[in-house]
Amino acid sequence: MDTAVNLMEEMAVMGLYPDLITYVGMIKGLCAFERLEEARRLFDEMSCRGYFPNNVVYSALIDGACHAGNLDMAMELRAIEAVKILDHMSSEGCAPNWVTVSNLIDGLIAEGHNIWEAEKVVKKLLENGVQPSGLAISSLIREFCLIKRSIDAYGCLFELVKDDRLLTIDSDLHSVVLAGLLEEGCSGERSLSQ
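Quick caveat: nothing in here was measured; it's all calculated off a predicted structure.

### Overview of the packing of aromatic side chains
Okay, so step 1: Tallied over the entire structure, the rule returns two aromatic pairs.
Okay, so step 2: Relative to Tyr51, the ring of Tyr23 has its centre 5.7 Å away and its plane inclined at 55 degrees; by these criteria the two rings are tilted. Remark: Tyr51 occurs in the loop between helix H3 (36–48) and helix H4 (55–67) and Tyr23 occurs in helix H2 (residues 20–32); sequence separation between them is 28 residues.
Okay, so step 3: Take Tyr23: its relative accessible area is 0%, and that puts it in the buried class.
Okay, so step 4: Measuring from ring centre to ring centre gives 5.9 Å for Tyr154 and Phe158, while their planes differ by 20 degrees; the resulting arrangement is stacked. Placement of the pair is Tyr154 and Phe158 together in helix H9 (residues 150–162), with a separation of four residues, close to one helical turn.
Okay, so step 5: Taking the relative accessible area as the measure of exposure, Tyr154 reaches 26% and is therefore partly exposed.
Okay, so step 6: The ring of Tyr17 carries Arg49 above its face, with NZ or CZ at 3.4 Å from the centroid.

This is how it looks when you write it as structure tokens:
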């Protein structure tokens, strides 16, 4: 990766600048190596040079922001950065695709961190008319059940199914939610109406 970065710097000295494909490849590579500051710098440079960021660029930034380390504080900062990227993406008129949404949600709930941020993101996306993938929602609902928030899992699943917003879900997801509710001792009327 260092060789590629050095080559881009040498190109700039000679007045040569990368095209969109090169920017995308470099940003994806830098994110894969958790070099987010450099990826962000290239992202800004790309925009200044008149290249409109696409879903691939945003997905790489979100994925990189969500997976660059394991410390709780770092995870929280990455979650905030990922949400900022999503906001910027929307403001630029670039609607997130299912890959972007899945990367964001999966990254936010990795190892049980930031499920509350993931929940906020899902609600925001739904408000903006973005259809979440069944896989991303399944991950969120399963995580709710793992941390003993089965009522929230049920509410999320119920709202998505009721409003016909979820195209596909794991066939056993209803069973997972039901098992979680039973394990937590939720009685139908009292708990499910909350």
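Resuming the write-up.
### Focus: the side chain of Ser150
Okay, so step 1: Assignment of secondary structure puts Ser150 in helix H9.
Okay, so step 2: Judged by its relative accessible area of 0%, Ser150 is buried.
Okay, so step 3: There is a polar contact of 2.5 Å between the side chain of Ser150 and the side chain of Glu184.
Okay, so step 4: Other than its neighbours up to four places away in sequence, Ser150 contacts Phe144, Cys145, Val177, Gly180, Leu181 and Glu184.

### Focus on the packing of H2 against H3
Okay, so step 1: In the contact formed by H2 and H3, the axes pass within 8 Å of each other and the chain directions differ by 160 degrees. It follows that H2 is roughly antiparallel to H3 by the angle criterion. Crossing of H2 over H3 shows left-handed handedness. Within the contact between the two elements, H2 uses Leu20, Tyr23, Met26, Ile27, Leu30 and Cys31 and H3 uses Leu36, Glu38, Ala39, Leu42, Phe43, Glu45 and Met46.

### What to know about the confidence of the model for the chain
Keep in mind that low pLDDT regions are not for reading the predicted coordinates in detail.
Okay, so step 1: Taken as a whole, the chain shows an average pLDDT of 76; of its residues, 81% reach a score of 70 or greater.
Okay, so step 2: Residue range residues 70–75 is modelled with pLDDT below 50. Its contacts to residues more than four positions away, or to other chains, number ten contacts.
Okay, so step 3: This model gives residues 188–194 a pLDDT under 50, and the stretch forms eight contacts once residues within four places in sequence are excluded.

### Describing the packing of H9 against helix H10 (residues 173–183)
Okay, so step 1: Where H9 contacts H10, the two axes come as close as 8 Å, and the packing angle between them is 145 degrees. Judged by the sense of rotation from one axis to the other, the crossing of H9 with H10 is left-handed. Counted together, Ser150, Ile151, Ala153, Tyr154 and Leu157 of H9 and Leu173, His174, Val177, Gly180 and Leu181 of H10 form the full contact between these two elements.
Okay, so step 2: Residue classes in the contact of H9 with H10 are distributed as seven nonpolar, three polar and no charged.

### Remarks on the nonpolar core
Okay, so step 1: Counting 46 residues, the largest nonpolar core has Ile27, Leu61, Leu140 and Ile141 as the members making the most contacts within it.
Okay, so step 2: Those residues in contact with Ile27 that sit more than four places away from it in its chain are Ala39, Leu42, Phe43, Met46, Val57 and Leu61.

### With respect to H2
Okay, so step 1: Counted at 1.5 Å a residue, the expected span for H2 with its 13 residues is 18 Å, and the 18 Å between its end C-alpha atoms agrees.
Okay, so step 2: Listing the buried residues of H2 in full gives Tyr23, Val24, Met26, Ile27, Gly29, Leu30 and Cys31.
Okay, so step 3: Among the residues trailing H2, Glu34 stands out with phi positive, at a value near 60 degrees.

### Considering a nonpolar patch on the surface
Okay, so step 1: A surface patch of nonpolar side chains, amounting to about 330 Å² of accessible area, comprises Trp116, Leu146 and Ile147.
Okay, so step 2: Following the sequence through the fold, Leu146 ends up in helix H8 (residues 134–146).
Okay, so step 3: On the basis of relative accessible area, Leu146 is assigned to the exposed category, the value being 63%.

The rules we used
Residues numbered from 1 in each chain as written. Predicted model: local features only at pLDDT ≥ 70, side-chain atom pairs only at ≥ 80, totals over all residues. Heavy atoms only, no water. Phe/Tyr/Trp six-rings, centres within 6.5 Å; stacked < 30°, edge-to-face > 60°. Helix = DSSP H or I, 4+ residues; strand = E, 2+ residues; numbered from the N terminus. Buried < 20%, exposed > 50% of the residue type's maximum accessible area, 1.4 Å probe, protein only. Lys NZ or Arg CZ within 6 Å of the ring centre and 35° of its normal. Polar contact = N/O pair within 3.5 Å; in protein donor to acceptor, adjacent residues only side chain to side chain. Contact = heavy atoms within 4.5 Å. Axes fitted to C-alpha atoms, helices over the stretch in contact; angles between N-to-C directions. Parallel < 35°, antiparallel > 145°, perpendicular 65-115°, else oblique. Left-handed = near helix turned anticlockwise from the far one by under 90°. pLDDT = per-residue confidence, 0-100. Nonpolar A, V, L, I, M, F, W, Y, C, P; charged D, E, K, R; others polar. Core = buried A, V, L, I, M, F, W, Y, C linked by side-chain atoms within 4.5 Å. Expected span 1.5 Å × (residues − 1). Patch = residues over 30% accessible without salt bridge, like charges linked within 9 Å, V, L, I, M, F, W, Y side chains within 5 Å. Areas by Shrake-Rupley, 256 points an atom, 1.4 Å probe, with all protein chains shown as cover. Salt bridge = Lys/Arg side-chain N within 4 Å of Asp/Glu carboxyl O.

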